[in-house]
Amino acid sequence: MLIVADENIPLLDSFFGEIGEIRRVSGRTMTASDVRDAEVLLVRSVTRVGPELLEGSKVRFVGTATIGTDHVDEEWLARNGIRFSAAPGCNANSVAEYVLSVLSVHAERRGLTDWTRLSVGIVGVGNVGSELARKLERLGFDVRLCDPPRAELEDESDSQFVSLEEALTCDVVTLHTPLTRNQPHATHHLVGSDELEGLSADQLLINAGRGEVIDSQALKTRLSQANAPAVALDVWEGEPAIDPELVERVWLATPHIAGYSLEGKVQGTEMIYRALSRYLGFPVRKQAGQFLPEPALSKVSFTSAADEDDAIKIALRACYDPRQDDARLRIAMQGSDQERAAAFDQLRRDYPVRRECSSLKVQLKGTSKSLQDSFRAIGFKLKI
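Below: a short report on this structure. (Residues numbered from 1 in each chain as written. Predicted model: local features only at pLDDT ≥ 70, side-chain atom pairs only at ≥ 80, totals over all residues. Heavy atoms only, no water.)

Here we take up the packing of aromatic side chains. By the definition in use, this model includes nine aromatic pairs. On the numbers, 5.0 Å between centres and 70° between planes, the contact of Phe15 with Phe291 is edge-to-face. Taken together, the positions of Phe15 in helix α1 (residues 12-16) and Phe291 in the loop between α12 (262-280) and β12 (299-302) put the pair 276 residues apart, joining distant regions of the chain. Residue Phe291 is classed as partly exposed on the basis of its relative accessible area of 25%. Looking at Arg354, its charged tip hangs above the ring of Tyr320, at a distance of 4.2 Å from the centre. (Phe/Tyr/Trp six-rings, centres within 6.5 Å; stacked < 30°, edge-to-face > 60°. Helix = DSSP H or I, 4+ residues; strand = E, 2+ residues; numbered from the N terminus. Buried < 20%, exposed > 50% of the residue type's maximum accessible area, 1.4 Å probe, protein only. Lys NZ or Arg CZ within 6 Å of the ring centre and 35° of its normal.)

Structure, rendered in structure tokens:
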């Protein structure tokens, strides 16, 4: 059995080596000739999967090691008897930790000693939004949830959801919707000129969902005006050929890597391995935990002298500091359009190993219960 796979999917041999022959190709440049003889196709979000890629091929199973599926023509696959599986929620924790780190840097920039004073509006409350809300609520943030499709399905008399207009009044607005078009509550350009006009310099807008959810031209215009909000973008319209002028104007810019923790990537691989095994009738024998290496940093220690906010900030940024990715992306925005697009893809392809907070053991000596609870809420392992 021939398995064609995006070369950026981790641990392909570990999970799929016993199932078939693996042919690694570039996900961005994958062509119909690359997959014609394959029976299994494994992709990430950079590969468009539909008739142009698969018409006339032997492919009977497609797996994407991502939570998003807007790059896959699921209706065409179903009509042609091709099984499809995604990895919903695989990197939800990674994205949530990305947002927490961005919030930490933003609070420091604002001079806030207590970051939980920030109200946070979460737009899109699926796997990622729900995980982020859970962490923020346990930390003591004022969290408001916006998800019109879910609000319609759930009991209005006990609704936990607010309108987009109300979410946009929060100190921080963070977007985690899928990309949808031509349907009720479509998210394409959900945040446009009118929504951006209402945001002020006291607010932070984060997009770690899909780039097209924000109208980039409207955003670029707003960022050139007075009283513009701070903006942190991890996702961009037109990837990988993103707008260098927009990169220059936003406060924080990262190359679509919010979900790129090693744990998130490997969990995505495991989920499509499990789906393929079930499709083939094979036993599921492998788990992500078998293959995770020892982290480069395994333990930090705080004493009773530690300031609570400083301790959280230190531990969070020991695992991930978004300013490093921001610096790398800004350096990459040089040369021609083609060179910048290639540099954007290279940043993702050669992304350094990033571990989640659960990989770090935090030793607390004589510290408060409040600090212990905060570390637990984020996901650190504690040694009291």
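Read on, since the account is not over.
If charged atoms from side chains of opposite charge come close, those side chains can pair. This model, assessed by the stated rule, comprises 23 salt bridges. Of the charged contacts, one joins Lys286 and Glu18 as a salt bridge, the two residues approaching to 3.9 Å between their closest N and O atoms. Residue Lys286 is located in the loop between α12 and β12, and its partner Glu18 is located in the loop between α1 and β2 (21-25); the two are separated by 268 residues in the primary sequence. A salt bridge links Asp321 to Arg323; the shortest N-O distance between them is 2.9 Å. By relative accessible area, which is 37% here, Arg323 ends up partly exposed. What emerges from the salt-bridge pattern is a single network uniting Glu108, Asp310, Lys313, Arg317, Asp321 and Arg323. (Salt bridge = Lys/Arg side-chain N within 4 Å of Asp/Glu carboxyl O.)

Strand pairing in a sheet relies on backbone hydrogen bonds, with the paired strands running either antiparallel or parallel. With parallel pairing, the six strands of this open sheet are ordered in space as β7-β6-β8-β9-β10-β11. Where the open sheet ends on each side, the last strands, each with one partner, are β7 (142-146) and β11 (252-253). Judged from the five bridges that link them, strand β6 (residues 119-123) and β7 form a sheet pairing that is parallel. In the strand pairing of β7, Ser119 is matched with Asp142. Relative to the sheet, helix α6 (residues 127-139) contacts β6, β7 and β8 (172-175), its axis offset from that of β6 by approximately 165°. (Pairing = 2+ DSSP bridges. Contact = heavy atoms within 4.5 Å. Axes fitted to C-alpha atoms, helices over the stretch in contact; angles between N-to-C directions.)

So, about unusual backbone geometry. Omega for the peptide link from Glu239 to Pro240 comes to 5°, which places this bond in the cis form. Its place among the elements puts Pro240 in the loop between β10 (230-233) and α11 (244-249). Its identity is not glycine, yet His185 carries a phi of approximately 60°, on the positive side. By the secondary structure assignment, His185 is in the loop between β8 and α9 (193-197). On the accessibility criterion, His185 (35% relative accessible area) is partly exposed.

Turning to the nonpolar core, a few remarks are in order. Among the nonpolar cores identified, the biggest contains 52 residues, and Trp115, Leu136, Phe375 and Phe380 are the most heavily contacted of them. Of the residues forming this core, the biggest block, nine residues, is contributed by helix α5 (residues 92-110). Within the second largest apolar cluster, 32 residues are counted, among which are Cys146, Leu219, Leu246 and Val250. (Core = buried A, V, L, I, M, F, W, Y, C linked by side-chain atoms within 4.5 Å.)

Time to look at the packing of α6 against helix α16 (residues 369-378). Viewed as axis vectors pointing N to C, α6 and α16 meet at an angle of 175°, and their least axial separation amounts to 9 Å. Classified by the angle between their axes, α6 and α16 sit roughly antiparallel to one another. Residues Lys135, Arg138 and Leu139 of α6 lie in contact with α16, whose contacting residues are Ser374, Arg376, Ala377 and Ile378. Of the residues assigned to the contact of α6 with α16, the class counts are three nonpolar, one polar and three charged. (Parallel < 35°, antiparallel > 145°, perpendicular 65-115°, else oblique. Nonpolar A, V, L, I, M, F, W, Y, C, P; charged D, E, K, R; others polar.)

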